Amino acid sequence: MKTFNRIAFFLIFVAAAVSCGSNNNISKTISVTDINNTDISNTNNVLIFSITTYDGVTESKPFVKSLGHSWVSLENKTGHSVFIKDYELQNNQAVAFSVWSISGHGGVYFNIEPNFIKQNGRYDGRKSLSVNIDESKLDDIQDFINNNDRWTSLKNCSYWSLTLWNKIVDEQYRLYPLPVIYTPSKIQNLMKKFDCVEVNKDFSSAGGIFHYLNNVSQEMTLCARNVK
């Protein structure tokens, strides 16, 4: 049975454990279509896998620095439903996921980011890199989630998202060299070699927030408090 919780998210900015630099100037030098003649703009009958990173610049205030956040997402354009664990991702629907430091479950949460964007206007200026993947990769994504359902100060949201991205995508799309310290701005820097970086990617087709506890889906909602 699914349980419903309301949780306060005012402490979850610690998802990135170290301070992040800023880099809003994402250069465009190498086209993904030039790398292997694969047109990733084709969004028919595919799964679109994306990594998104936000460096915190637009949410920082004097003496209060936002550390930013990173996550990955799937958008289903296959023409039929697919599944991540027992979650049905319907056609034309997206799901976002990353690790968060939240009391009670420091680990993988789904769709926090799209709901923050929709309700609070968060992550303005976020950068995303997307590729098309085969449905066979869904098993690899699910295995990674099952085996890495935890947040730590070293294996934070940026480490988690970048590690999963590099595991799933083909070699020409991987983001290297790996940083010594994983932060959202470091991921932005790694995106510089691509000319297809998208600013403020749309996540409006994502559903509600949930996570898994003992393999049981726990549904949640954001508190009404506006945290910025």
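Placed above this text is the structure.
Presented here is an overview of the structure given in this document. These numbers come from a predicted model, not from an experiment.

1. A word on helix α3 (residues 137–147)
Helical periodicity: at 3.6 residues per turn, an α-helix aligns residues three or four positions apart in one direction.
Then comes step 1: Listing the buried residues of α3 in full gives Leu138, Ile141, Phe144 and Ile145. The buried residues of α3 occupy an angular sector of 125° when the element is viewed end-on, so they sit on one face. In α3, the exposed positions angled more than 90 degrees off the buried face are occupied by Asp139 and Asn147.

2. Let's talk about a negative patch on the surface
Then comes step 1: Taken together, the side chains of Asp134, Glu135, Asp170 and Glu171 present a region of like negative charge at the surface.
Then comes step 2: Here Glu171 is to be found in the loop between α4 (157–168) and α5 (184–190).
Then comes step 3: Judged by its relative accessible area of 61%, Glu171 is exposed.

3. Re the environment of Phe144
Then comes step 1: By secondary structure assignment, the location of Phe144 is in helix α3.
Then comes step 2: The exposure class assigned to Phe144 is buried, which follows from its relative accessible area of 9%.
Then comes step 3: In this structure, the C-alpha to C-alpha distance between Phe144 and Ile168, residues 24 residues apart in sequence, is 9.8 Å.
Then comes step 4: In contact with Phe144, other than residues within four places in its own chain, are Trp160, Thr163, Leu164 and Lys167.

4. Comments concerning the nonpolar core
Then comes step 1: In terms of nonpolar packing, the biggest core is built from 39 residues, with Phe49, Phe97 and Leu175 touching the most fellow members.
Then comes step 2: Sort the elements by how many residues they give to this core and α4 lands first, with six residues.
Then comes step 3: Setting aside chain neighbours within four positions, we find Leu175 in contact with Ile51, Leu129, Leu162, Trp165, Asn166, Ile187, Leu190, Met191 and Phe194.

5. Examining the packing of aromatic side chains
Then comes step 1: Tallied over the full model, the rule gives 14 aromatic pairs.
Then comes step 2: Here Tyr54 and Tyr123 contribute two aromatic rings whose centre-to-centre distance is 5.6 Å and whose plane-to-plane angle is 65°, an arrangement assigned as edge-to-face. Of this pair, Tyr54 sits in strand β2 (residues 46–54) while Tyr123 sits in the loop between α2 (112–120) and β8 (127–133); the two residues are 69 residues apart in sequence, bridging distant segments of the chain.
Then comes step 3: Residue Tyr54 is classed as buried on the basis of its relative accessible area, which comes to 1%.
Then comes step 4: Note on Phe144 and Trp160: the rings are 5.2 Å apart at their centroids and 65° apart in plane angle, and the pair reads as edge-to-face.

6. Quick notes on α4
Then comes step 1: Taking 1.5 Å of rise per residue, the 12 residues of α4 would be expected to cover 16 Å, and the 17 Å separating its terminal C-alpha atoms lies within 8% of that figure.
Then comes step 2: By the criterion of burial, α4 is predominantly enclosed, with nine of the 12 residues buried.
Then comes step 3: Buried within α4 we find Cys157, Ser158, Trp160, Ser161, Leu162, Leu164, Trp165, Asn166 and Ile168.
Then comes step 4: Two or three places before Ser158, at the opening of α4, Asn156 has a side-chain oxygen 3.1 Å from that residue's backbone nitrogen.

7. A look at the side chain of Lys85
Then comes step 1: Summarising the element assignment, Lys85 is placed in the loop between β4 (82–84) and β5 (87–89).
Then comes step 2: Although Lys85 is buried, it makes no salt bridge; Asp149 carries the closest opposite charge, 6.5 Å away.
Then comes step 3: A distance of 2.5 Å separates the side chain of Lys85 from the side chain of Asn146, its partner in a polar contact.
Then comes step 4: With sequence-adjacent residues up to four places away left out, Lys85 is seen in contact with Gln142, Ile145, Asn146, Tyr212 and Asn215.

8. Side note on the pattern of salt bridges
Then comes step 1: With the rule as written, the count across this model stands at four salt bridges.
Then comes step 2: Residue Glu75 pairs with Lys201 through a salt bridge whose shortest N-O separation is 3.9 Å. Taken together, the residues span a long stretch of sequence, with Glu75 in strand β3 (residues 69–77) and Lys201 in the loop between β9 (198–199) and β10 (209–213) at a distance of 126 residues.
Then comes step 3: Look at Lys201 and you get buried, because its relative accessible area is 8%.

Thresholds, definitions, all that
Counting restarts for each chain: residues are numbered from 1 in the order of the written sequence. Residue-level local features of this predicted model are given only where pLDDT is at least 70; pairs of side-chain atoms are given and counted only at 80 or more, and the full residue set underlies all totals for whole chains, interfaces and linings. Calculated side-chain values reflect all of the structure's heavy atoms, with hydrogen atoms and water omitted. Per-residue accessibility, obtained with a 1.4 Å probe over protein chains only, is compared with the maximum for each type, and a residue is labelled buried under 20%, exposed over 50%, and partly exposed between these values. The way it works is that DSSP assigns letters per residue, a run of H or I at least four long becomes a helix, a run of E at least two long becomes a strand, and they are numbered from the N terminus. Comment: arc refers to directions from the helix axis out to C-beta atoms. A patch consists of residues whose relative accessible area exceeds 30% and which take part in no salt bridge; residues with like charges are grouped when within 9 Å of each other, and nonpolar side chains (Val, Leu, Ile, Met, Phe, Trp, Tyr) when within 5 Å. The protein chains shown are the only cover counted for residues, whose accessible areas, like all others here, come from Shrake-Rupley with a 1.4 Å probe. Any Lys or Arg side-chain nitrogen found within 4 Å of a carboxyl oxygen on Asp or Glu counts as a salt bridge. Lys and Arg are tallied as positive, Asp and Glu as negative. Neither His nor the chain termini are counted. One atom stands in for each charge, and that atom is NZ of Lys, CZ of Arg, CG of Asp or CD of Glu. Residue contacts follow a heavy-atom distance rule, with two residues in contact if any of their heavy atoms lie within 4.5 Å. To define a nonpolar core, start from buried Ala, Val, Leu, Ile, Met, Phe, Trp, Tyr and Cys residues and group those joined through side-chain atoms within 4.5 Å. Centre distance within 6.5 Å is the pairing criterion for rings of Phe, Tyr and Trp, where only the six-membered ring of Trp is used; planes under 30 degrees apart are then read as stacked, over 60 as edge-to-face, and the remainder as tilted. The span you would expect from a helix comes to 1.5 Å times its residue count less one. Polar contact is the term for a pair of N or O atoms within 3.5 Å; when the atoms are in protein, one must be able to donate a hydrogen and the other to accept it, and sequence-neighboring residues count only if both atoms are side-chain atoms.

Limitation: the analysis is restricted to geometry and does not speak to function.
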